[in-house]
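Residue-level structural notes
Letter by letter, the chains look like this.
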Amino acid sequence: MRVWAVANQKGGVGKTTSTVCLAGLLAEQGHKVLVIDLDPHGSLTSYFGYDPDSLTSSTYQLFQGEETATKDSILSLVVDTSVPGLSLIPTSPALATVERQMTGKDGMGLRVGKAMNVINAEFDYVLLDCPPVLGVLMINALAACERLLVPVQTEFLALKGLERMTRTMQMIQKARPQPLTFTIVPTMFDRRTQASTSSLNTLRKQYAENLWRSTIPVDTKLRDASRLGKVPSQHDPDGRAVRAYRQLVNFILSEDQKALEKQTSEQLTA
Ligand SMILES: Nc1ncnc2c1ncn2[C@@H]1O[C@H](COP(=O)(O)OP(=O)(O)OP(=O)(O)O)[C@@H](O)[C@H]1O
Ligand SMILES: [Mg+2]
């Protein structure tokens, strides 16, 4: 099982949209995929037609009790979506209290990672959708993931937000046994606007090493898909945003493959 987190401290940059779209594409390729809503606002949960306000079983349960949850109790939180092969652990507003209750308690940053280890054999990919806040929930995602995707809206204020996110990643790097691999994904790119092109140029200068070379274009079909509760690749399989996300997923899968081959050859020569 591979765990990817989608995070940025800046709000409204395309985290939830990227999570849904990438998860839909992975499921379309035949993978067994789980998305987990770590945002108490519950956009991801609502996307798939569940009402966060009326749920009692949710991500919140992963933070309850002193021990890591058992496999059965974690799997009991999983619900189906309209997409074959794609499941969800929804959120509930109670998740917001985790920040207050758990901050400073030992081991609280590792709850999600430990739960992922317990259900390791159940899914091929897990995608964690984070809230736009640096707190216990985001820290859990950054500690649990093998790969971090940082959607960045191609506009000036979003670049400021990325500076903050970079500092957070540096802090997390120090606490992780394995280095955190991250990819910056420029979103809502509109090549006709000065704001989009100049912020993309800045990204290319300042973050060349970790920047995905292409962009996710602005595409109103994504909003239509979310209104209909469909993953974008179901709603508009050949739309320009879906095509871009398809390129992104293939890029990440090939990077993962390269990393795996490198790791195997290092183990063989050790
Ligand atoms: N490429 C795109 N083109 C057009 N609209 C988009 C695109 N990506 C996302 N959106 C729209 O922008 C809005 C914000 O996107 P989204 O909810 O994915 O951001 P977010 O980072 O998860 O926000 P939050 O920080 O509030 O969780 C949504 O209405 C979404 O439909
Ligand atoms: Mg969101």
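The shown structure was predicted, so the numbers you read here are calculated from the model rather than taken from an experiment. (Residues numbered from 1 in each chain as written. Chains lettered and ligands numbered in written order. Predicted model: local features only at pLDDT ≥ 70, side-chain atom pairs only at ≥ 80, totals over all residues. Heavy atoms only, no water.)

Quick look at helix α5 (residues 111-118) now. What α5 keeps buried is the set Arg111, Val112, Gly113, Ala115 and Met116. Where α5 is buried, its residues meet β1 (2-6), β2 (33-37), α3 (71-75), β5 (125-129) and α6 (136-144). (Buried < 20%, exposed > 50% of the residue type's maximum accessible area, 1.4 Å probe, protein only. Helix = DSSP H or I, 4+ residues; strand = E, 2+ residues; numbered from the N terminus. Contact = heavy atoms within 4.5 Å.)

Next up on the list: the environment of Asn210. By the secondary structure assignment, Asn210 is in the loop between α8 (194-206) and α9 (220-228). Sequence separation between Asn210 and Val185 is 25 residues; the distance between their C-alpha atoms is 9.1 Å. If sequence neighbours within four positions are ignored, Asn210 has contacts with Phe182, Thr183 and Ile184. A polar side-chain atom of Asn210 sits 3.1 Å from the main-chain carbonyl oxygen of Phe182. (Polar contact = N/O pair within 3.5 Å; in protein donor to acceptor, adjacent residues only side chain to side chain.)

Okay, the site of ligand 1 next. Looking at ligand 1, there are 16 residues lining it, with Lys15, Thr16, Thr17, Pro217 and Asp219 nearest. Between Thr16 and ligand 1, the recorded distance is 2.8 Å, taken from a backbone N or O atom to an oxygen atom. Burial of ligand 1 by the protein chains amounts to 81% of its free accessible area of 640 Å². Of all the cavities here, the one that holds ligand 1 is the second largest pocket. Looking at which element gives the most residues to the shell around ligand 1, the answer is helix α1 (residues 15-28), with three residues. (Near = heavy atom within 4 Å. Areas by Shrake-Rupley, 256 points an atom, 1.4 Å probe, with all protein chains shown as cover. 1 Å grid on protein atoms, 1.4 Å probe; cavity = no way out; pocket = protein on both sides within 12 Å on 5 of 7 lines; lining within 4 Å. Sits in = over half its atoms within 2 Å of the grid points.)

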